[in-house]
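Observations on the three-dimensional arrangement
What follows is each chain in one-letter form.
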Amino acid sequence: MKASDKVKHRTDMISSALRSAILERVLMPGMKLPEDSLGERFGVSRTLIRQSLERLAAEGLIELRRNKGAMVAKPSLEEARDLFELRTQIEDLVISRVIKNMTPDIIAELEGHLAKEVEAEHAAEPKSIRLATEFHILLAKLAGSPVLLRYVEEIGYRCGLTLSLYARPHSTDCGIAEHRQIIEALATGDEDAARKLMRHHLNAVADRALFTTDEGGPLVYLDALEPYAKKVRDGGA
């Protein structure tokens, strides 16, 4: 592997690890993310950490503050309402594009991800939120539009952060069933049904997210990052 490719690979791994830790509420909204401490934890330079933080800032998961460093983003409820409304409109386009590109391989990939959601059904709720968010990111990738993917990633991850922050405890059964219904509509080529199902699903998700302003949960320090960081250290050798 070329040196440049190795650097990109490590940066991708760090970004993925931090993203998962944020969506799974290991790193809480408002928590500081010092470059030097993260570099020591992941066993990499501050330069690689900075590149990863810049990527997550572009996704709306963290905030980069001048002379104050990075912190996990803390979206407001007002912002959340706007995000979910915009998300519904964008994912309408995603459904239309996926239908046009539909192949058995696409259905198999979606069903493969759904199987991961089912497997994690009784796991910690933040993990289910992350997997549910990644279902929508996968749909956008399968749409074959880099522009749609960029917007869905940014809005989807930000909505995932909102869910982890504000959503009331709930069963994942409904979300999994709704994803399954969307896949079935896509498989039959029924665009109208797929779009209606997606809108219904996103509205239900938004209702959970906007239910309460109770943030709850204690501050979790960087030691909680160790399982995520270890995978990067072991995988980047």
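Per chain, the residues get numbers from 1 upward, laid out in the order the sequence is written. Per-residue local features of the predicted model are confined to residues with pLDDT of at least 70, and side-chain atom pairs are confined, for both listing and counting, to 80 or more; whole-chain, interface and lining totals are unaffected and use all residues. For the side-chain quantities, the full set of heavy atoms in the structure was used; hydrogens and water were omitted.

Looking at an unreviewed UniProt entry, one finds the protein named GntR family transcriptional regulator and attributed to Thalassospira lohafexi.

Some thoughts on the overall build of the protein
The number of helices and strands found in the protein is ten helices and three strands. Throughout this description, buried means an accessible area under 20% of the type-specific maximum (1.4 Å probe, protein chains only), exposed means over 50%, and partly exposed covers the range between. Taking all 237 residues of the protein together, the buried fraction comes to 48%. Long-range contacts, defined here as pairs at least 24 residues apart, represent 79% of the contacts in the protein between residues at least 6 apart. Here the accessible surface of atoms and residues is derived via Shrake-Rupley with a 1.4 Å probe, and residues count as covered only by protein chains that are part of the display. On the protein, roughly 11,900 Å² of surface is accessible, and the fraction owed to carbon and sulfur atoms is 51%. Helix and strand definitions follow DSSP, with helices as H or I runs of at least four residues and strands as E runs of at least two, each counted in order from the N terminus. Contacts are assigned to residue pairs with any non-hydrogen atoms lying within 4.5 Å of each other.

Some words on the nonpolar core
Counting 64 residues, the largest nonpolar core has L18, L27, F42, L110 and L186 as the members making the most contacts within it. Counting residues per element, this core draws most heavily on helix α7 (residues 146-166), which supplies eight residues. Each domain's extent is set by a domain assignment, obtained either automatically or from a database. When we break this core down by domain, the ones giving at least three residues each are domain 1 (3-75 + 214-233) and domain 2 (77-209). Look past the residues within four positions of L110 in its chain and what remains in contact with it is F135, L138, L139, L142, I183 and L186. Definition used in this section: a nonpolar core is a set of buried Ala, Val, Leu, Ile, Met, Phe, Trp, Tyr and Cys residues joined via side-chain atoms within 4.5 Å.

Some remarks on the pattern of salt bridges
When a carboxyl oxygen of Asp or Glu lies within 4 Å of a side-chain nitrogen of Lys or Arg, that pair is called a salt bridge. In the structure shown here, the tally under the stated rule is 13 salt bridges. Where R50 meets E35, a salt bridge forms, and the shortest distance between an N and an O atom there is 3.0 Å. Taken together, the residues R50 in helix α3 (residues 46-58) and E35 in helix α2 (residues 35-42) connect sequence positions 15 residues apart. We classify R50 as partly exposed; its relative accessible area is 34%. Salt-bridge contacts for R199 lead to D92; the nearest nitrogen and oxygen are separated by 3.0 Å.

Quick look at the side chain of H136
Turning to its location among the elements, H136 is positioned in helix α6 (residues 125-142). The exposure class assigned to H136 is buried, which follows from its relative accessible area of 2%. Polar contact criterion, stated in full: a pair of N or O atoms within 3.5 Å, where within protein one must be able to donate a hydrogen and the other to accept it, and residues adjacent in sequence count only if both atoms are side-chain atoms. Within the structure, the side chain of H136 is placed 3.4 Å from the side chain of H179, a separation counted as a polar contact. Of note is the side chain of H136, whose polar atom sits 3.2 Å from the side chain of H201. Each residue touching H136, except ones within four places of it in the same chain, is listed here: R87, E91, V152, H179, M198, H201 and L202.

Looking at the sheet that holds strand β1 (residues 32-33)
A sheet is described by the order of its strands in space; here three strands give the open sequence β1-β3-β2, paired in antiparallel fashion. Looking at which strands have only one partner, the edges of the open sheet turn out to be β1 and β2 (62-65). In this analysis, strands are considered paired if DSSP registers two or more bridges between them.

Some details on the environment of I62
With respect to the element layout, I62 can be found in strand β2. Taking the C-alpha atoms as reference points, I62 and I22, separated by 40 residues in sequence, lie 9.0 Å from one another. Leave out the neighbours within four places in its chain, and I62 touches I22, L33, L53, L56, A57, A70, M71, V72 and A73.

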